[in-house]
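Chain by chain, the residues:
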Amino acid sequence: MTTTEILTGERADLLETLRQHRWFLTFTAQGLSDEQAASSPTASALCIGGLIKHVGTVERSWVRFIEQGTSAMETDPESEDYENHARTFRMEPGETLESIIAEYNEIAAYTDKLVETVDMDLSHALPAAPWFPEGKTWSARRVFVHIVAETSQHAGHADIIRETIDGQKTMG
């Protein structure tokens, strides 16, 4: 796409929706210290920094699925990768909220370029997992919708955590 072309239709709608829900998610972190972003002030173990990191990691994984196919999403529950996934929900020592958001923005920019160019009907079989129906395939289009849902769900979690920290709400 050249700078003179204007994105319309499905691609424009997907990009607008992705960007809106990413904004909701990252807005919850506005003005927080690293300590606040790493805190888990609710009954859940979730923290705002970890949620942003998790959403970025998941988005990157789904983009790899679009580009590389099923094998990009297969994870052995006994592998180190599986434990690394659990770490995406928390801020590790040495991580900063600023670095997490910067990485998330890089992932988002890459995804946005893919939304602009990929064949939306490109499909791959979902990997074997208890949460996926056996034999099901997802198109790039379906993956982008899933990324929107994942981002939106975790933006809501982050909003509850932020309200618990200092009363700030994304909306309302």
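What you see is a predicted model; the values in this text were computed from it and never measured.

1. Describing the packing of aromatic side chains
Right, so step 1: Per the counting criterion, the structure on display carries 7 aromatic pairs.
Right, so step 2: With a centroid separation of 5.5 Å and 65° between ring planes, the pair formed by tryptophan 23 and phenylalanine 24 is classed as edge-to-face.
Right, so step 3: Here tryptophan 23 falls in the partly exposed class, since its relative accessible area comes to 44%.
Right, so step 4: Its relative accessible area of 17% is what places phenylalanine 24 among the buried residues.
Right, so step 5: Here the aromatic rings of tryptophan 131 and phenylalanine 132 are separated by 6.3 Å at their centres, their planes lie at 65°, and the arrangement is edge-to-face.
Right, so step 6: The exposure class of phenylalanine 132 is buried, given its relative accessible area of 14%.

2. Some words on the layout of surface pockets
Right, so step 1: Quantified by volume, the second largest pocket comes out at close to 200 Å³.
Right, so step 2: Taken together, 13 residues form the lining of the second largest pocket, with Lys53, Thr57, Thr88, Glu95 and Glu103 sitting closest to its centre.
Right, so step 3: A total of 5 residues in the lining of the second largest pocket trace back to one element, the largest contributor, which is helix α3 (residues 48-68).
Right, so step 4: When grouped by side-chain class, the residues that make up the lining of the second largest pocket number 4 nonpolar, 4 polar and 5 charged.

3. Notes on α3
Right, so step 1: Its 21 residues place the ends of α3 30 Å apart at the C-alpha level, agreeing with the 30 Å of an ideal helix rising 1.5 Å per residue.
Right, so step 2: Of all 21 residues in α3, 15 are buried, a share of seventy percent or more.

Criteria and thresholds
- Residues numbered from 1 in each chain as written.
- Predicted model: local features only at pLDDT ≥ 70, side-chain atom pairs only at ≥ 80, totals over all residues.
- Heavy atoms only, no water.
- Phe/Tyr/Trp six-rings, centres within 6.5 Å; stacked < 30°, edge-to-face > 60°.
- Buried < 20%, exposed > 50% of the residue type's maximum accessible area, 1.4 Å probe, protein only.
- 1 Å grid on protein atoms, 1.4 Å probe; cavity = no way out; pocket = protein on both sides within 12 Å on 5 of 7 lines; lining within 4 Å.
- Points joined across faces, edges and corners; volume = space filled by probe spheres on them.
- Helix = DSSP H or I, 4+ residues; strand = E, 2+ residues; numbered from the N terminus.
- Nonpolar A, V, L, I, M, F, W, Y, C, P; charged D, E, K, R; others polar.
- Expected span 1.5 Å × (residues − 1).

The values are spatial; any link to function lies outside them.
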